[in-house]
Amino acid sequence: MGYGDKSPVSFVGRLVAIVWMFTGLFVVAYFTAAITADRLESNISDLIDLFGKQVATVADTTSARYMNQ
């Protein structure tokens, strides 16, 4: 007898357990994403805001040619 010795047996119990696990996963993921988005918030809203800043792009692509202009 120890941790994990009890688990749902009926179909309804297993369904509730699965929903509960995915709900917990969603809550943690949402919380993490909200914190990350808050910390990454920047004042860049237009291309002119990138002037003088260091940016990165993949070489020899449309975005690289656009950024070089």
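Under the annotation held in an unreviewed UniProt entry, the chain carries the name Potassium channel domain-containing protein and is attributed to Moorena bouillonii PNG.

### Some words on the overall build of the chain
Within the chain one finds 2 helices and 0 strands. Along the first, second and third principal axes, the C-alpha set of the chain runs to 65 × 25 × 25 Å. Counting every position in the chain, which comprises 69 residues, the buried fraction comes to 1%. Counting only carbon and sulfur atoms, one obtains 65% of the accessible surface of the chain, whose full area is about 7000 Å².

### Some remarks on the packing of aromatic side chains
The tally for this structure, following the rule as stated, stands at 1 aromatic pair. Centre to centre, the rings of Phe 26 and Tyr 30 are 6.2 Å apart; their planes meet at 25°, and the pair counts as stacked. Of the two residues, Phe 26 and Tyr 30 are both situated in helix H1 (residues 11-39); the distance of 4 residues between them amounts to about one turn of the helix. Look at Phe 26 and you get exposed, because its relative accessible area is 58%. Taking relative accessible area as the criterion, Tyr 30 reaches 58% and is therefore assigned exposed.

### Here's the deal with the UniProt feature "transmembrane region" (unreviewed entry) in the chain
UniProt records the feature "transmembrane region" (unreviewed entry) for residues 12-33 in the present numbering. Secondary structure content for residues 12-33 is 100% helix and 0% strand, while the C-alpha to C-alpha distance between its ends is 31 Å.

Rules used throughout
Residues numbered from 1 in each chain as written. Predicted model: local features only at pLDDT ≥ 70, side-chain atom pairs only at ≥ 80, totals over all residues. Heavy atoms only, no water. Helix = DSSP H or I, 4+ residues; strand = E, 2+ residues; numbered from the N terminus. Buried < 20%, exposed > 50% of the residue type's maximum accessible area, 1.4 Å probe, protein only. Areas by Shrake-Rupley, 256 points an atom, 1.4 Å probe, with all protein chains shown as cover. Phe/Tyr/Trp six-rings, centres within 6.5 Å; stacked < 30°, edge-to-face > 60°. UniProt positions renumbered as here; feature names shortened; annotations may be inferred.

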